[in-house]
Amino acid sequence: MKIGFYAGSFDPFTNGHLHVVKTACGIFDKVIIGIGINQNKTRRYDKEKMLNAIKKEMVSQKLLNVECVLFDGLAAEVAKENGAMFLIRGLRNGADYDAEENLALINQEISGLDTIYLRAGELGVISSSMVYDLIKRGKDVSKYLPAKINDIIKP
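Here is what the cut-offs are and how they apply
Residues numbered from 1 in each chain as written. Predicted model: local features only at pLDDT ≥ 70, side-chain atom pairs only at ≥ 80, totals over all residues. Heavy atoms only, no water. Core = buried A, V, L, I, M, F, W, Y, C linked by side-chain atoms within 4.5 Å. Buried < 20%, exposed > 50% of the residue type's maximum accessible area, 1.4 Å probe, protein only. Helix = DSSP H or I, 4+ residues; strand = E, 2+ residues; numbered from the N terminus. Contact = heavy atoms within 4.5 Å. Phe/Tyr/Trp six-rings, centres within 6.5 Å; stacked < 30°, edge-to-face > 60°. Pairing = 2+ DSSP bridges. Salt bridge = Lys/Arg side-chain N within 4 Å of Asp/Glu carboxyl O. Expected span 1.5 Å × (residues − 1). Polar contact = N/O pair within 3.5 Å; in protein donor to acceptor, adjacent residues only side chain to side chain. Axes fitted to C-alpha atoms, helices over the stretch in contact; angles between N-to-C directions.

So, about the nonpolar core. Of all hydrophobic cores here, the largest spans 33 residues; its most connected members are F13, V21, I33, I54, M58 and V66. Of all the elements in the fold, those that place two or more residues in this core are α1 (15-27), β2 (30-36), α2 (47-60), β3 (66-71), α5 (128-136) and α6 (147-153). Beyond its immediate chain neighbours, meaning those up to four positions away, V21 contacts Y6, F13, I33, M58, L63 and V66. Counting twelve residues, the second largest nonpolar core, distinct from the first, contains A7, A76, V78 and L87.

Here's what the structure looks like:
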């Protein structure tokens, strides 16, 4: 079974993230979305609520080969523990590639896993941070978020 591991904070999970997952589902038998818990960062949205909303979105999108997990630690190690053959990373632009390539080299050294880059799609230009900033300013972000995620971020 070909398993890919897609790690991130997903704070919040955007349509760019969803595009990456949809593409990955066509490549892998199983895609694991790993919501990383970084003790040095303050989450904007509760990790359990985000996990459950992502799970519901995967069902509503009929992406039945997706599993969602919370993890604390190194993504590459957790991916390997879960039987992943590749790490999945979304790219928005060239700057993302430069940063991701450095991370991919370290992850390969740590775990032996290679990284596959997938485009984040036409709405991939927006980041979770940008979405959060728009939310704080009272803007409608429904175009940037999957429906089940939009439901939990409303004030």
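Another aspect to go through is the packing of aromatic side chains. Scanning the entire structure with this criterion turns up six aromatic pairs. Both rings, one in F28 and one in F86, keep their centres 6.1 Å apart while their planes meet at 55°; by these two values the pair is tilted. Residue F28 is found in the loop between α1 and β2, and its partner F86 is found in strand β4 (residues 86-91); the two are separated by 58 residues along the sequence. By relative accessible area, which is 5% here, F28 ends up buried. Here the aromatic residues Y6, F10 and F13 are joined through ring pairs into a cluster of three or more.

Where β4 lies against strand β5 (residues 114-119), six bridges are found, and the strand directions are parallel. Across the sheet, residue L91 finds its bridge partner in β5, namely R119.

Where charged atoms from two side chains of opposite charge come close, those side chains can pair. Applying the stated criterion across every chain yields a total of five salt bridges. R43 is the partner of D11 in a salt bridge, and the nearest nitrogen-oxygen pair spans 3.5 Å. Placement of the pair is D11 in the loop between β1 (3-8) and α1 and R43 in the loop between β2 and α2, with a sequence separation of 32 residues. Here E100 and R89 are joined by a salt bridge, their closest N and O atoms 2.8 Å apart.

So, on to α2. Here α2 spans 20 Å end to end across 14 residues, near enough to the 20 Å set by a 1.5 Å rise per residue. On the buried face of α2, the contacting elements are α1, β2, β3 and α6. One side-chain oxygen at the N-terminal end of α2 lies 3.1 Å from the backbone nitrogen of E48; it belongs to D46. Just beyond α2, the residue with positive phi is K62, at close to 60°.

Our focus in this paragraph is the pairing of β4. Consecutive side chains along a regular strand alternate between the two faces of the sheet. Sheet topology note: the β1/β4 ladder contains three bridges and is parallel. For G4, the partnering residue across the bridge sits in β4 and is F86.

Attention shifts here to the sheet that holds β2. The five strands lie next to each other as β3-β2-β1-β4-β5, forming an open sheet whose pairing is parallel. This sheet does not close on itself; its edge strands, each paired only once, are β3 and β5. Mean inter-strand twist for the sheet, computed between neighbouring axes without regard to direction, equals 30°. Where β2 lies against β3, six bridges are found, and the strand directions are parallel. Bridge pairing links G36 to F71 in β3. Helix-sheet contacts for α2 involve β2 and β3, and the interaxial angle to β3 is about 175°. Against the sheet, helix α4 (residues 94-111) contacts β4 and β5, and its axis sits at roughly 170° relative to β4.

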